[in-house]
Amino acid sequence: MIHAFTSKWVKPKHAIIAAPWLWLSVFFVLPFVFVLKISFSEALLAQPPYDTIIRDIDEGLITLKINLGTYLLLFEDSLYLEALLGSLKVATISTLLCLLIGYPMAYGIASAPKAWRLPLLMLIILPFWTSFLIRIYAWIGLLKANGLINTLLLKIGIIDQPLTILYTNTAVYIGIVYNYLPFLILPLYATLVRLDRTLLEAAADLGCRPWRQFTSITLPQSMPGVLAGCMLVFIPVMGEFVIPDLLGGPDTLMLGKLMWMEFFNNKDWPLASALAVILLIVLVVPFMLMRHFEAKAAEELA
Amino acid sequence: MRRMPVLLIILILGYVFLYGPILSLIVYSFNASKLVTVWSGFSTKWYAALLQNDALLEAAGLSVKIAAVVASLSVLLGTLAAIVLVRYKKSRGTRNLAMLVTAPMVMPEVIIGLSLLLLFIAMEDLIGWPKGRGQLTIILAHTTFAMAYVTLIVQSRLAHMDPSLEEVAEDLGARPATVFFAITLPLIAPALLAGWLLAFTLSLDDLVVANFVSGPGATTLPMVVYSSVRLGVSPEINALATLIVVFVSVAVCVSGFVLHRQEKRREAEQ
């Protein structure tokens, strides 16, 4: 097969290989070069029309001296460190919450009768296909001081003062878990459904109790799925902007939101670029880990 | 599951969590009152208001147009990438491509948006293309992350495909192009359709990247929705949400039914 391709079809083959490569190099890799360049530029120079790269190289020494300033500012002002820690905290807690809700759900779907699995899985994906902005908007209606949840709780008599949930970190967690839950359930389901059930039966025959069966057989076998799912939640949440912006309050400090504000409100392009560089550096390690666990999960599935 | 009622309860609660907010939107889209919590009778006036909102309709039209182009481009590029990943597995370049293709899926949108905007500005500066920012730049940006999802879907379909059909055609003297269009393409068609639909929704739904790379002339639907959500509650959004939910449910049910039937046919064949 491959031989036939190489001998008869040399030119189209090269086109096939080149097209996706070229597209991703130009529109995915190359942009980071410009982010890096702008992050080392001075605020006014960076805004269009700004100097060409060639002139920058000519004045390399001078610009280099001025430009490290953006990064120094990031270390001097504690705001940026707080935003980084805030992002890490929100991403970690929401990933754990997703796991807490998503694992039993994925397990439930995987152990449902075979005919039920596809419809149940479809029901997980369906909300993901509707607009995410509208799903966040739905939560605003539910969480507001005079929203549905508060009205219900007041009517039942559980509370006599409306709870403040909207514009707090709690609302951010709810919004993130709601939006990212499918990303955890799907890879987890894929590993759980291929679980070797004979091992469980053997354990049961030997008198192993259900909880022991779960902790010593099911959980270890599903670890690649757990880790891949966690990374699929953790990495994008680190840079999340819309959810903290619409559901969070002034004390919700995250890198993605800060980057957006520096770019659109303060028009400080070098600072926004520098924040992007920092965020990228922080995310490279989880990304590498994810690739590792994905490869492992794929190996185990094969 | 029969042995574990706890699991059933968790599943039911999970689905209530997923669908509760959406159901509340649908119910209140028929509410006569502007207030979310007050029910003052059944009314379809928000649907009428939606149909008169020109800015929103125009943005929706633009979004659909962009999404259709993005989906088609993504299917083209994603399929090429999938072919490379499945058929030329052994080279090191392929492994790098596998890494590169999945990266946009997990990259935070703010970074993709910012970096592409800086690229477009620099390109216009250096080679004069693309001129300004608008539809074209949004299409280029969306295709970059949507093709990753298409690649993933088509790749898994190609990898699970029975190679003997292609080999037979080749042995009978069919040229590679004929083999591809007569055998491979029909076999992976469902994956292409699924990929097209996913790329379409991803583009239709994107706010962050579009906001970075669009110019004053191009406002997409999510941008309009975002600003009206920020300004406060507008019941028209409930009506819009309901229409989207109905549309998506029908599309997913139909494609689910088709996939299910194919699955059954495949099982019957084996």
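Analysis parameters
Residues numbered from 1 in each chain as written. Chains lettered and ligands numbered in written order. Predicted model: local features only at pLDDT ≥ 70, side-chain atom pairs only at ≥ 80, totals over all residues. Heavy atoms only, no water. UniProt positions renumbered as here; feature names shortened; annotations may be inferred. Helix = DSSP H or I, 4+ residues; strand = E, 2+ residues; numbered from the N terminus. Contact = heavy atoms within 4.5 Å. Areas by Shrake-Rupley, 256 points an atom, 1.4 Å probe, with all protein chains shown as cover. Lys, Arg positive; Asp, Glu negative; His and termini not counted. Charge placed at Lys NZ, Arg CZ, Asp CG, Glu CD. Buried < 20%, exposed > 50% of the residue type's maximum accessible area, 1.4 Å probe, protein only. Polar contact = N/O pair within 3.5 Å; in protein donor to acceptor, adjacent residues only side chain to side chain. Expected span 1.5 Å × (residues − 1). Bend = angle between axes of the 7 residues up to and from the residue. Buried area = accessible area lost by both parts, 1.4 Å probe. Salt bridge = Lys/Arg side-chain N within 4 Å of Asp/Glu carboxyl O. Nonpolar A, V, L, I, M, F, W, Y, C, P; charged D, E, K, R; others polar. Core = buried A, V, L, I, M, F, W, Y, C linked by side-chain atoms within 4.5 Å. Patch = residues over 30% accessible without salt bridge, like charges linked within 9 Å, V, L, I, M, F, W, Y side chains within 5 Å. Axes fitted to C-alpha atoms, helices over the stretch in contact; angles between N-to-C directions. Left-handed = near helix turned anticlockwise from the far one by under 90°.

- Per an unreviewed UniProt entry, chain B goes by Binding-protein-dependent transport systems inner membrane component and derives from Saccharophagus degradans.
- Its UniProt record gives chain B the following Subcellular location (unreviewed entry) comment, quoted word for word: "Cell membrane".
- Comment text from UniProt for chain B, heading Sequence similarities (unreviewed entry), reads "Belongs to the binding-protein-dependent transport system permease family. CysTW subfamily."

- Chain A goes by Binding-protein-dependent transport systems inner membrane component in an unreviewed UniProt entry, where it is assigned to Saccharophagus degradans.
- According to UniProt, the comment filed for chain A under the heading Sequence similarities (unreviewed entry) is "Belongs to the binding-protein-dependent transport system permease family. CysTW subfamily."
- Regarding chain A, the relevant UniProt record gives this comment under Subcellular location (unreviewed entry): "Cell membrane".

Considerations on the overall build of chain B
- Summing up its helical and strand segments, chain B has eleven helices and zero strands in all.
- Written out in order from the N terminus, the α and β elements of chain B read α-α-α-α-α-α-α-α-α-α-α.
- Along the longest, intermediate and shortest principal axes, the C-alpha atoms of chain B span 70 × 65 × 30 Å.
- Here the analysis covers contacts within chain B between residues at least 6 apart in sequence; of these, 67% occur between residues at least 24 apart.
- As presented, chain B carries roughly 12,900 Å² of accessible surface, and 67% of it is formed by carbon and sulfur atoms.
- Averaging the locations of the 19 positively and 16 negatively charged side chains of chain B gives two centres separated by 5 Å.

A word on the environment of B:Tyr19
- Within the element layout of this structure, B:Tyr19 appears in helix H1 (residues 5–28).
- Judged by relative accessible area, which is 17%, B:Tyr19 ranks as buried.
- Taking the C-alpha atoms as reference points, B:Tyr19 and B:Leu77, 58 residues apart in sequence, are found 35 Å from one another.
- In contact with B:Tyr19, not counting residues within four places along its chain, are A:Leu123, A:Leu126 and A:Pro127.
- Only 2.5 Å separates the side chain of B:Tyr19 from the backbone oxygen of A:Leu123, close enough to count as a polar contact.

Things to note about helix H12 (residues 210–238) of chain A
- Taking 1.5 Å per residue, 29 residues should reach 42 Å; H12(A) reaches only 36 Å between its end C-alpha atoms and comes up short.
- The axis of H12(A) is deflected most strongly, by about 55°, at A:Met223, and proline A:Pro224 appears within four residues downstream.

Some details on the interface of chain A and chain B
- On the side of chain B, 87 residues touch chain A, which itself brings 93 residues to the contact.
- Of the roughly 8,500 Å² buried at the junction of chain A and chain B (both faces included), carbon and sulfur atoms supply 82%.
- Considering only the surface of chain A that becomes buried against chain B, A:Trp23, A:Trp129 and A:Tyr137 emerge as the three largest contributors, covering 10% of it.
- At the junction of chain A with chain B, the criterion picks out one salt bridge.
- Across the salt bridge formed by B:Arg230 and A:Asp245, the nearest N and O atoms sit 3.7 Å from each other.
- Per element, the largest residue contribution to the side of chain A that touches chain B is 18 residues, and it comes from helix H2 (residues 10–39) of chain A.
- Here the side of chain A that touches chain B is composed, by residue class, of 74 nonpolar, twelve polar and seven charged.

Notes on helix H4 (residues 92–106) of chain B
- In a regular helix each residue adds 1.5 Å, so 15 residues correspond to 21 Å; H4(B) covers 22 Å between its end C-alpha atoms and thus fits that length.
- Listed in full, the buried residues belonging to H4(B) are B:Thr94, B:Leu97, B:Ala98, B:Leu100, B:Val101, B:Thr102, B:Ala103, B:Pro104 and B:Val106.

Examining the side chain of A:Thr70
All names here are of chain A.
- Looking at the secondary structure, you find Thr 70 in helix H5 (residues 60–76).
- Look at Thr 70 and you get buried, because its relative accessible area is 12%.
- With sequence-adjacent residues up to four places away left out, Thr 70 is seen in contact with Ser 39, Ser 41, Pro 270, Leu 271 and Ala 274.

What to know about the nonpolar core
- Membership of the largest hydrophobic core comes to 170 residues, with the highest contact counts inside it found for A:Ile109, A:Val242, B:Tyr15 and B:Phe212.
- Each residue touching A:Val242, except ones within four places of it in the same chain, is listed here: A:Phe132, A:Leu133, A:Ile136, B:Leu207 and B:Val208.

Brief notes about a nonpolar patch on the surface
- Taken together, the side chains of B:Val246, B:Val250, B:Val254, B:Phe257 and B:Val258 present a nonpolar region at the surface, about 450 Å² in accessible area.
- Tracing the backbone shows B:Val258 in helix H11 (residues 235–269).

Some thoughts on the UniProt feature "domain: ABC transmembrane type-1" (unreviewed entry) in chain A
- In the UniProt entry, the feature "domain: ABC transmembrane type-1" (unreviewed entry) is given for residues 84–290 of chain A.
- In residues 84–290 of chain A, the share of helix is 80% and the share of strand is 0%. The end C-alpha atoms are 21 Å apart.

Here's the deal with the pattern of salt bridges
Residues and elements named next belong to chain B.
- Counting across every chain of the model gives three salt bridges over all chains.
- Its salt-bridge partner being Arg 87, residue Glu 166 comes within 3.4 Å of it at the nearest N-O pair. With Glu 166 in helix H7 (residues 164–171) and Arg 87 in helix H3 (residues 54–87), the pair connects residues that are 79 residues apart, well separated along the chain. The two residues Glu 166 and Arg 87 agree in class, both being buried.
- Among the ionic pairs, Arg 133 bridges to Glu 124, the shortest N-O distance being 3.5 Å.
- Among the residues examined, Arg 133 registers a relative accessible area of 29% and is labelled partly exposed.

Section: the packing of H4(B) against helix H6 (residues 135–159) of chain B
Residue and element names in this part refer to chain B.
- At a minimum axis distance of 8 Å, the contact between H4 and H6 shows a crossing angle of 120°. Considering only the axes of H4 and H6, their crossing is left-handed. Contact residues: Val 101, Thr 102, Pro 104 and Met 105 in H4; Thr 144, Phe 145, Ala 148, Tyr 149, Thr 151 and Leu 152 in H6.

Considerations on the UniProt feature "transmembrane region" (unreviewed entry) in chain B
All names here are of chain B.
- As annotated in UniProt, the feature "transmembrane region" (unreviewed entry) corresponds to residues 7–30, 66–86, 98–123, 135–156, 177–199 and 237–259 in the numbering used here.
- Secondary structure content for residues 66–86 is 100% helix and 0% strand, and the end C-alpha separation is 29 Å.
- The annotated region residues 135–156 carries 100% helix and 0% strand content, and the separation between its end C-alpha atoms amounts to 31 Å.

Examining the UniProt feature "transmembrane region" (unreviewed entry) in chain A
- Within this numbering scheme, the UniProt entry marks residues 21–40, 83–106, 118–140, 171–190, 226–249 and 269–289 of chain A as carrying the feature "transmembrane region" (unreviewed entry).
- Overall, residues 83–106 of chain A shows 100% helix and 0% strand. The separation of its end C-alpha atoms is 33 Å.

Considerations on the side chain of A:Thr95
Residue and element names in this part refer to chain A.
- Structurally, Thr 95 is set in helix H6 (residues 78–110).
- There is a polar contact of 2.5 Å between the side chain of Thr 95 and the backbone oxygen of Ala 91.
- Every residue in contact with Thr 95, bar those within four places of it in the chain, is listed here: Cys 230, Val 233 and Phe 234.

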